[in-house]
Every structure is written in structure tokens, then in C-alpha cells.
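This is what each chain is made of:
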Amino acid sequence: MSFLEVILPLPLPGTFTYRYSPVLFPNPQIGARVIVQFGKRKIYTGIIHHVHDTVPDQYHPKEILDMVDQTPVVTAEQLSFFEWVSDYYMCSLGEVVNAAVPAGLKISSESYLSINPDIDVEELELTEKERIIINHLQSGDVTMNDMGKLLDIKSPYAHVKKLKEKNAIQVFEKVKDKYTPKQETWIRLTGHYAQEDQLNLLAAQLETKKKQLDVLLTYLKMVPILDDPSSNDEGISKKHLTNTGISISSLKTLTKNGVFEEWKKTVSRLDTLADTSQITVNLSTQQQQARDEIFQAFESKSTVLLHGVTGSGKTEIYISIIQDILESGGQVLYLLPEIALTTQIIKRLTRVFGKTFGVFHSKYSDNERVEVWQKVLQGEYNFVVGVRSAVFLPFNDLSLIIVDEEHEPSFKQYEPAPRYHARDAAIYLAAKYHAKVLLGTATPALETYKNALEGKYGLVSLESRFSNVDLPEVTFADLIKERKQRKIKGNFSSVLLGALKDILERNKQAILFQNRRGYAPYLTCDNCGYIPKCPHCDVSLTFHSYQNLLICHYCGYKSEVLSECVQCQSTEIKTMSYGTERIEEELELLLPTARIRRMDLDSTRSKYSYQKIIDEFEAGDIDILVGTQMVSKGLDFGNVELVGVFDADRMIHFPDFRSHERAYQLIHQVSGRAGRRDVRGQVVIQTNDPMQPLLAYLRRQDYIGFYRSEILEREQFRYPPFYRIIQITFKDPDKQVVGDAARYYGGILRKQLGDHRVMGPVEPMVSKIRNQYLFEITVKFEKQGINLRALKEFLLNSRNMLQSQRLYKSVRVYFDVDPV
DNA sequence: AGCACGCCGACT
DNA sequence: GTCGGCGTGCTC
Ligand SMILES: [Zn+2]
Ligand SMILES: [Zn+2]
């Protein structure tokens with residue numbers, strides 16, 4: 001007997017056993033895909049985890065429906081990596097596979113209803129609802145879900161069952177769309193005409209048919225069949241040929257007459273050209289030295305932190321190292337946060353590596369992601385630049401992983417599971433391949449810097465690209481003082497406004513930074529202060545001006561903009577715009593001559609808008625750029641001499657143990673935009689408390705000083721990197737039930753782990769999402785002397801214990817290991 | 001997660 | 001009575 005253990009992309013523990021016929025499928029490969037039925041009807045794509053011949057005694061395994069691959073699409077190394085992710089981040093293997101494998105490689109089915117053609121529906125006795133179903137089906141098949149919507153009931157199942165019994169309809173499974181290769185129409189000469197003598201004859205015949213002759217001659221110019229007969233094997237793409245302006249109808253005629261033939265060529269969606277440009281990067285002495293130190297450190301350390309100030313040219317060092325690794329035949333993965341993976345960086349890499357590398361971006365279509373996956377699998381890409389999820393690609397000979405801006409919180413995934421951190425997963429993955437990891441940033445995560453200081457990681461510091469760059473001059477605008485003196489205009493202190501005027505007079509550029517958090521636009525009643533909230537979530541609705549809609553960012557709920565306040569019926573409804581937008585508007589009044597642009601999620605929504613703003617700014621067509629986090633990324637803005645920071649206090653005092661670290665990183669990074677070679681930049685930070693210690697470190701751009709003070713706090717208050725955190729979230733539509741469940745679970749933990757290791761349960765800041773109430777417990781525990789495995793085991797067992805209670809059965813419990 | 005089954009209240 | 005909501009258990 002032959003069985004397969006199959007991973008299904010579902011949030012269920014373990015693998016599932018299926019039978020297969022060795023006659024039909026002689027050599028099942030681990031990591032190959034199989035199509036299986038799971039449950040009564042659903043069809044899924046599973047991944048073969050292993051093959052065995054142990055007959056299960058508890059159940060009868062189903063037989064697989066099909067085997068998709070003869071060779072694995074997931075490598076054995078990946079499978080074991082997936083298992084690590086699932087263990088470490090406390091989720092199911094299926095959830096990892098779901099996140100790792102592009103949707104196009106996983107087909108799944110949907111139930112469709114269709115009318116039975118052999119039956120005369122007129123003769124049947126039908127209820128009203130059944131009649132409606134039949135009527136809908138007469139104009140084509142409908143999915144079970146859609147039918148529910150058409151009937152406006154939760155599930156049409158009961159009626160469908162009746163109709164099935166009456167033999168009036170059928171239910172069948174249809175595969176949802178999956179990866180389809182891109183096809184192009186190509187033109188070539190038919191075999192008969194693909195010879196010199198026949199071509200001459202044909203040319204003579206076409207002497208009077210000028211347009212057809214033109215088509216033939218154009219073709220021969222583009223496909224030099226006489227010099228190189230093999231060039232007619234593929235011919236030329238029809239699009240290419242017709243783009244020359246030839247007569248399309250003449251081409252049609254020639255094709256009809258058997259001169260040309262059309263065929264479908266499978267082409268790549270990815271822009272792959274031969275590696276044409278081999279530009280060597282010229283490193284400065286400092287860069288050269290850092291590069292050497294990195295290689296030196298790799299001799300003894302598998303992970304190295306490159307701590308390089310903003311604008312010190314880390315990217316060039318990466319490029320130089322990547323070239324080295326590729327020359328020696330290794331594979332390289334270069335991870336970037338989403339906002340940093342811009343067309344700029346891709347262009348820059350293209351200049352060096354041609355188009356021989358893969359780009360794995362969340363904005364790309366799933367079909368493109370499938371093609372990157374396949375090219376990595378087939379060894380065609382030895383270099384991939386990508387976001388978080390690119391760690392899951394099927395590398396076979398990984399030599400180096402670069403994690404740029406390693407401190408960025410966006411490397412951690414939150415929803416859905418797996419809640420993994422791409423940097424940490426990369427470090428594990430690298431160890432598996434005996435590969436090296438290079439972490440780069442100007443403001444390391446505290447965890448990372450601690451590891452580097454303790455010698456766990458190598459540490460290479462890069463002061464600046466050139467030796468004559470001064471730190472920017474950082475000044476603080478004391479908002480309290482200015483408020484007393486009535487010098488503040490809207491969001492602007494007189495200090496910042498003065499500096500801006502100066503910049504304008506001198507024809508220089510400025511960047512104004514406003515943190516994104518808490519500045520989404522919303523509507524509010526001017527009379528009573530009412531703010532429209534989502535009926536399903538505990539958040540106010542975000543106002544989207546371009547659609548004129550109110551949208552919930554948690555559940556997607558949409559609502560029309562009401563002209564009247566629901567609370568007081570006042571019609572004085574005011575829009576509170578984006579923080580950046582408000583600043584932009586004020587600025588237009590305060591400095592009417594300035595050319596101002598805004599760069600945030602909202603203004604860069606369309607495909608090229610980001611690039612457009614960058615281009616305009618670089619060309620000097622913008623004086624003041626107002627933006628969020630985005631302005632601290634991207635490439636060198638040459639002429640910036642002033643950076644203004646709004647609302648530093650809100651960042652610093654955000655109620656989270658990482659708020660200092662975050663605030664420091666954000667302000668430090670954006671400050672780095674001020675100044676350039678030979679010119680000292682200026683930074684103005686607006687604050688209510690210019691004396692707070694964090695600002696002193698920022699004034700000196702003193703990361704190490706900041707680290708030293710912050711790390712003491714972390715130790716004292718038992719936070720990472722000294723302690724580990726696992727956050728447990730409880731979810732249920734009944735607030736009382738979740739609260740009780742969380743307290744019950746908390747009780748179990750307290751008893752076993754002690755009060756000091758268990759915090760909560762507490763209601764999170766957003767306490768309801770999609771009609772589910774939330775509670776959170778935070779478990780904090782020492783890094784040393786605790787068996788992490790055993791602890792996780794205990795947490796999982798406690799969840800089982802909780803859910804075996806009748807009352808708490810429906811409560812969802814999930815874990816977030818190392819939350820950020 | 002998705003689906004079937006079965007129980008129970010509330011409308012024709 | 002039967003329709004439709006919802007809770008429960010199971011899926012190889
Ligand atoms: Zn009102
Ligand atoms: Zn919502």
C-alpha cells in the first residue's frame with residue numbers, strides 16, 4: 001500500500017494521509033503537488049510531505065485525484081524551513097505553505113450549481129425559492145456562494161439539497177483560476193517557403209501585389225532566413241512585425257495562402273534580457289574598507305551588521321558584494337522593506353546586473369510571482385530582490401542574504417498567520433544553507449545591535465562615504481514656549497517657518513516629516529464632535545476623498561458620506577484630512593510662493609506617482625516635500641538643506657515599549673536627508689519638551705548613546721532583547737465570553753509561569769474587529785534558562801484545555817511570537 | 001477554513 | 001408546519 005502525507009494550505013495542524021496508485025503515479029516526489037479532495041466536496045492543492053506505506057487504522061484515506069508535478073515545486077530544504085516557521089511562530093504548516101507558495105501554484109475548487117439538462121423543470125413541483133434557483137440557473141451556472149447572495153440567505157444549501165433529490169440540478173466542483181502562461185502569437189514562414197528558391201519564386205509572383213511583397217520583405221529583413229535558416233524556427237512575434245506598419249490584411253492573405261503560419265509561443269511576463277551591462281561600481285576608500293571588513297567578519301561570523309549612516313553608500317557595498325558572490329556561483333537574496341523596494345533601486349540594480357535577477361514584490365501580479373518562483377526553482381535566477389515573503393522562494397544554493405533596513409517593523413508579518421519576521425527567518429534559513437547574512441541599517445534594531453556588541457554578529461561601521469560631511473545641525477522648536485508667545489501658526493512654529501522662508505530665499509529644498517500613525521483622514525461633526533465609526537470594528541472610518549466614501553481599514557466596510565450628523569442632525573460636517581495634507585494646506589497659505597508637494601500612501605497610490613514626485617523633486621521643481629515615512633527612504637535628494645519633524649512627542653510617547661526606539665529610528669533616518677557633500681543641513685524638530693533625553697541623542701545623531709540608555713530601560717522593565725515576548729490574542733463575537741476565556745487562560749498561565757511572566761488579559765487599543773471582540777495576554781520570559789519548546793508546547797496545550805471547555809469552544813486563540 | 005448536520009425560534 | 005439562523009464537530 002502506498003500513501004502520501006500531504007500538507008494542505010489550511011489552518012489545521014499536521015498533514016493528511018492520501019492513497020495513490022503507484023501504477024498511475026510511479027515516482028511521487030517530495031515537494032510535488034497533488035490534487036486532493038478534502039471533506040465532502042472541496043478540492044485543494046497539497047504538497048507531498050513524505051511517502052510511506054503505513055496503513056492508517058483510524059480512518060480510510062481518500063485517493064489523490066491527480067499529481068500535478070513530476071518534479072518538486074517545493075524543495076526538501078524549504079519543507080524543513082516551513083516546519084521551522086510553523087514551530088517557531090506557532091502556526092500550522094498549512095498556513096506557512098499558504099503564505100509561501102504563490103496562489104497560482106495552488107488550485108482550489110468552488111462549488112457550482114448547474115441545471116440538469118435531461119429534466120423538464122416545468123413538470124417538477126417546486127417551492128418558490130427552488131423556482132428562483134432554477135430561474136437563475138437557466139441563464140448559466142452559478143456558484144453556491146453567489147446563489148446564496150442572489151437569494152439573500154446565508155446558505156442556499158437546504159434548497160439545493162432538495163433540488164438535487166428531485167434530480168433537477170447538479171452540484172459540481174470547478175477549479176478557480178490559477179497560473180496561466182502568457183502566450184504570444186508568432187509568425188514564421190511555412191516549411192514550403194522557407195527555402196531560397198521558393199522565396200525567389202514567391203517574390204516574383206508578388207511583383208504586382210506591392211503590399212504583400214512589402215510584408216514578405218519586411219519579414220525577411222527581420223528574420224534573416226537566408227543567412228541563418230534556424231531563425232525561421234520561431235520567426236517573429238506578430239506584434240513586432242505589424243508594428244513596422246505593414247499591411248495587416250496582406251499578412252492575413254499570405255497566411256491564408258500558406259506562406260506564413262501563426263503559432264503560439266509561451267513567453268515570460270518578466271523582463272529578462274541577456275546580462276548586457278557589467279558595470280563595476282567604484283567604491284570610495286571608506287566603502288572599500290567596509291567591504292573588506294564584512295568579508296573578514298564572515299570568516300568567523302555567519303551574520304554581520306553593517307551599521308552605516310544614511311547616505312554612506314550601503315547599496316554600493318551590497319552591489320559589490322553581490323557581484324562577488326554571483327561570480328563565485330552562489331545565490332543571493334536581497335530583502336528590502338516594501339517602501340524601499342522602489343523602481344529606483346530596481347533601475348540601479350539593472351544598470352549593474354542587467355535583467356538577470358528576479359524582483360519579488362507584493363504589488364506584482366500573482367502570475368508574475370509564479371514565474372519568479374519557477375525561475376528560482378530552475379536555477380535561472382541566482383539573484384532575487386524582494387520583500388518579506390521572498391524568503392520563501394525555492395533557492396537551492398543560497399550563499400548570501402542581505403536584509404537592508406533590518407530595523408524596519410514591516411519585516412514582521414501580522415495578519416494572516418504565519419506571524420513571521422523575515423529578518424529572523426532569513427538568519428535561520430541562512431544557517432540551513434551555510435549561507436551568510438548581511439544586515440544593514442543606520443539605526444539597528446536594539447536586538448540586532450545587542451547581538452553585534454556581544455559578538456554574536458560581526459559588526460562593521462561605516463561612518464560616511466566621504467570624510468568631509470558634517471552632521472546636520474539639529475534645533476528644537478519649543479512648542480510650549482511658542483504657544484505662550486503666540487508665535488505658532490497652525491502646525492508651524494516660528495522656528496520652522498523661519499527656516500523654511502530662509503530655504504525658499506536661498507532656492508534650496510526642504511522635507512517635512514509627519515508620522516503616519518494616527519493621521520488618517522476622517523469626518524467629524526463640527527457641532528457635537530461625533531466621528532463616524534465602523535459598525536463592525538472599534539475604529540473610526542477613514543475618509544477617502546477620491547471615492548467620496550468612508551472606509552474601515554480593518555474590515556473594508558464602506559459607507560456613503562452622510563450630509564447630516566447621525567447624533568445631532570447638524571449639517572456642519574468637517575473633513576479632517578491627512579496629517580500631511582493638513583500641513584500642505586497650511587503651508588500654501590503661509591508660504592504662497594512655495595512649490596509644495598505631498599508624498600504619502602494617498603498621493604502615491606497610482607503606479608507612477610511615486611516616481612513622478614521623486615523626479616520632480618530631483619529636478620528642483622518642488623521646494624517643499626511634505627511626507628510620511630516614505631520621504632526617509634528612496635535615493636539621494638541632492639539639494640535638501642532642511643528637514644522639519646512634526647509631532648515628535650506623539651511618536652516618542654506612544655504607549656508601546658518600542659516607541660522610543662521607533663521614534664529614534666524614524667527621526668534619525670529622516671534627519672539624514674538634510675545636507676549633502678560640503679553643505680551642512682539643518683533639522684528642526686518641533687516638541688513640547690526639548691529637554692527630553694532622546695532628543696539629545698538625536699541632536700548628535702548618536703545611535704550608540706541612544707542604544708546604551710535605552711537598553712538599560714529594556715533590561716530594567718524586562719523587555720526584549722533581554723526577555724522574549726509571546727502575545728496571545730483571543731477573539732469571539734461575544735465580549736463576555738472572550739473576556740472570560742482570556743481570564744481563564746491567563747489563570748492557567750499564571751499558575752504555571754508565575755505572575756511576573758504573564759500580563760493581562762487586556763483589551764487592545766482596537767478592541768473589536770469584524771464583530772469579533774479581542775483580548776490580549778502578553779507572556780514575557782527570560783531568554784536564558786527557559787526551554788522555549790516546552791513553553792510553546794505548554795501554551796498550545798493550554799489552548800486545547802481552554803477549547804475543550806464547552807463555553808469557550810468558539811473562542812479563537814492565536815499566538816504572536818516576538819511581536820513588533 | 002469550509003462545510004454538513006441538527007437543533008430551535010419565528011413567521012406564512 | 002417549514003424556513004433560516006446558528007452552534008458543533010469533522011475533515012485524511
Ligand atoms: Zn453632531
Ligand atoms: Zn470595520
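Counting restarts for each chain: residues are numbered from 1 in the order of the written sequence. Chains carry letters from A onward and ligands carry numbers from 1 onward, assigned in written order. This being a predicted model, a pLDDT of at least 70 is required before a residue's local features are given, and a value of 80 or more before pairs of side-chain atoms are given or counted; all residues contribute to the totals for chains, interfaces and linings. The side-chain values count all of the structure's non-hydrogen atoms but skip hydrogen atoms and water molecules.

### Re the pairing of strand β19 (residues 458-462)
As a general feature of sheets, a regular strand has side chains that alternate between the two faces. When a residue's accessible area, from a 1.4 Å probe over protein chains only, is under 20% of the maximum for its type it is buried; when over 50% it is exposed; and in between it is partly exposed. Per the convention used, a helix needs a DSSP run of H or I reaching at least four residues, while a strand needs a run of E reaching at least two, with both numbered from the N terminus. Of the two faces of β19, only the one carrying Gly458, Val460 and Leu462 is buried; Leu459 and Ser461 on the other face are not. Where strand β13 (residues 303-308) and β19 come together, five bridges link them in parallel fashion. Looking at β19, one finds that Val304 is bridged to Gly458. Pairing between strands requires that DSSP locate at least two bridges from one strand to the other.

### Looking at the protein's contact with DNA strand B
Within the structure, DNA strand B sits among Pro11, Leu12, Lys40, Arg41, Lys42, Tyr44, Tyr157, Lys161 and Arg812. For this description, a residue counts as near a given molecule or strand if any of its non-hydrogen atoms is within 4 Å of it. By atom count, sugar and phosphate contribute 84% of the portion of DNA strand B lying within 4 Å of the protein. By the criterion applied in these results, polar contacts are pairs of N or O atoms within 3.5 Å in which, for protein atoms, one can donate a hydrogen and the other can accept it, and in which residues neighboring in sequence qualify only through two side-chain atoms. Residue Arg41 places a side-chain N or O atom 2.5 Å away from a phosphate oxygen belonging to DNA strand B. Side-chain classes are defined by residue name, with Ala, Val, Leu, Ile, Met, Phe, Trp, Tyr, Cys and Pro counting as nonpolar, Asp, Glu, Lys and Arg as charged, and the others, Gly among them, as polar. For the surface near DNA strand B, the per-class residue count stands at four nonpolar, no polar and five charged.

### Let's talk about the coordination of the zinc ion (ligand 1)
Distances define the donors: N, O and S atoms within 2.8 Å of the metal qualify, as do those within 3.2 Å of Na, K or Ca. Water is excluded, so some sites may look unfinished. Protein coordination at the zinc ion (ligand 1) comes from Cys525 (SG), Cys528 (SG), Cys565 (SG) and Cys568 (SG), with a distance range of 2.2 to 2.3 Å. By the criteria applied here, four donors are tetrahedral when all angles lie between 85 and 135 degrees, four are square planar and six octahedral when opposite donors are over 155 degrees apart and every other angle lies between 65 and 115, and any other arrangement is irregular. Coordination at the zinc ion (ligand 1) is tetrahedral, judged from the four donor atoms that bind it and the angles of 104 to 111 degrees they form at the metal. For the zinc ion (ligand 1), the donor residues sit on a single chain with the sequence spacing C-x2-C-x36-C-x2-C. Residue Cys525 is found in strand β22 (residues 522-525), and its partner Cys565 is found in the loop between β25 (558-560) and β26 (573-576); the two are separated by 40 residues along the sequence. Of the two residues, Cys525 and Cys565, neither departs from the other in class, the shared state being buried.

### Comments concerning a positive patch on the surface
Only residues above 30% relative accessible area that lack a salt bridge enter a patch, with like-charged residues linked at up to 9 Å and the nonpolar side chains Val, Leu, Ile, Met, Phe, Trp and Tyr linked at up to 5 Å. Reported accessibility uses the Shrake-Rupley method at a 1.4 Å probe radius. Residues are deemed covered only where the shown protein chains occlude them. A side-chain nitrogen of Lys or Arg and a carboxyl oxygen of Asp or Glu constitute a salt bridge if their distance falls within 4 Å. Here the positive residues are Lys and Arg and the negative ones are Asp and Glu; neither His nor the chain ends is included. Charge positions are represented by NZ for Lys, CZ for Arg, CG for Asp and CD for Glu. On the surface, Lys40, Lys62, Lys161, Lys162 and Lys164 cluster together to form a positively charged patch. With three residues, the single largest contributor to the positive patch is helix α5 (residues 157-165). By the element assignment, Lys62 lies in strand β5 (residues 62-63). Its relative accessible area of 35% is what places Lys62 among the partly exposed residues.

### A word on the sheet that holds strand β23 (residues 542-544)
Within a sheet, neighbouring strands are paired by backbone hydrogen bonds and run either parallel or antiparallel to one another. Here we have three strands laid out as an open sheet, ordered β23-β24-β25, and antiparallel in their pairing. Two strands lie at the open edges of the sheet, namely β23 and β25, each paired on one side alone. Between one strand axis and the next, the sheet turns through 35 degrees on average, direction left out of account. Axis definition: a line fitted to C-alpha atoms, over the contacting stretch in the case of helices. Angles run 0 to 180 degrees between N-to-C directions.

### Concerning the UniProt feature "binding site: Zn(2+) 1" (unreviewed entry) in chain A
UniProt positions are given in the numbering used here, feature names are shortened, and annotations may be inferred rather than shown by experiment. In the UniProt entry, the feature "binding site: Zn(2+) 1" (unreviewed entry) is given for Cys525, Cys528, Cys565 and Cys568. In sequence the annotated residues extend across 44 residues, while in space they remain close, none of their C-alpha pairs exceeding 8.6 Å. For Cys528, the location among the structural elements is in the loop between β22 and β23. The partly exposed category is assigned to Cys528, whose relative accessible area is 33%. Residue contacts are counted whenever heavy atoms from the two residues lie within 4.5 Å of one another. If we ignore the near neighbours within four places in the chain, the residues touching Cys528 are Cys565, Gln567 and Cys568. Since its relative accessible area comes to 2%, Cys565 is described here as buried. Other than its neighbours up to four places away in sequence, Cys565 contacts Cys525, Cys528, Tyr530, Ser570 and Ile573.

### Concerning the nonpolar core
One recurring pattern in soluble globular proteins is that nonpolar side chains are buried together. Nonpolar cores are built from buried Ala, Val, Leu, Ile, Met, Phe, Trp, Tyr and Cys residues. Side-chain atoms within 4.5 Å join them into one set. Counting residues in hydrophobic clusters, the biggest one holds 117 residues, and the most contacted among them are Phe82, Leu335, Ile685, Ile728, Phe730, Leu749 and Leu795. Top contributing element to this core by residue count: helix α24 (residues 735-753), with eight residues. Not counting the four nearest positions on each side in its chain, Phe82 is found in contact with Val74, Leu93, Val96, Val97, Ala100 and Phe392. Counting 32 residues, the second largest nonpolar core, distinct from the first, contains Tyr318, Ile319, Ile345 and Leu462.

### As for empty space enclosed by the protein
In this analysis, the protein atoms alone were mapped onto a 1 Å grid. Cavities are point sets where a 1.4 Å probe fits without being able to get out; pockets are open sets with protein on both sides within 12 Å along at least five of seven lines; lining residues have an atom within 4 Å of a point. Grid points are joined across faces, edges and corners, and a volume is the space filled by probe spheres set on the points. Under the defined criterion, the tally for this structure stands at two cavities of 30 Å³ or more. Of the volumes computed, that of the second largest cavity is approximately 30 Å³. Lining the second largest cavity, in full, are Gln514, Asn515, Arg516, Tyr519, Tyr578, Gly579, Thr580 and Thr628. Of the residues contributing to the lining of the second largest cavity, the split by class is two nonpolar, five polar and one charged.

### A look at the pattern of salt bridges
A full pass over the atoms with the stated rule returns 39 salt bridges. As a salt-bridge pair, Glu616 and Arg597 come within 2.7 Å of each other at their nearest N and O atoms. Placement of the pair is Glu616 in helix α19 (residues 609-618) and Arg597 in strand β27 (residues 596-599), with a sequence separation of 19 residues. Where Arg598 meets Asp600, a salt bridge forms, and the shortest distance between an N and an O atom there is 2.8 Å. Here the residues in one salt-bridge network are Asp502, Arg506, Lys508 and Glu641, joined through shared partners.

### Quick notes on the coordination of the zinc ion (ligand 2)
For the zinc ion (ligand 2), the protein coordination sphere consists of Cys534 (SG), Cys537 (SG), Cys552 (SG) and Cys555 (SG), at 2.2 to 2.3 Å. Here the zinc ion (ligand 2) binds four donor atoms, and the angle range of 106 to 114 degrees at the metal identifies the geometry as tetrahedral. Within one chain, the residues serving as donors to the zinc ion (ligand 2) are arranged as C-x2-C-x14-C-x2-C. Here Cys537 is found in the loop between β22 and β23, whereas its partner Cys552 is found in the loop between β24 (549-551) and β25, with 15 residues between them in sequence. Comparing Cys537 with Cys552, the two get one shared label, buried.

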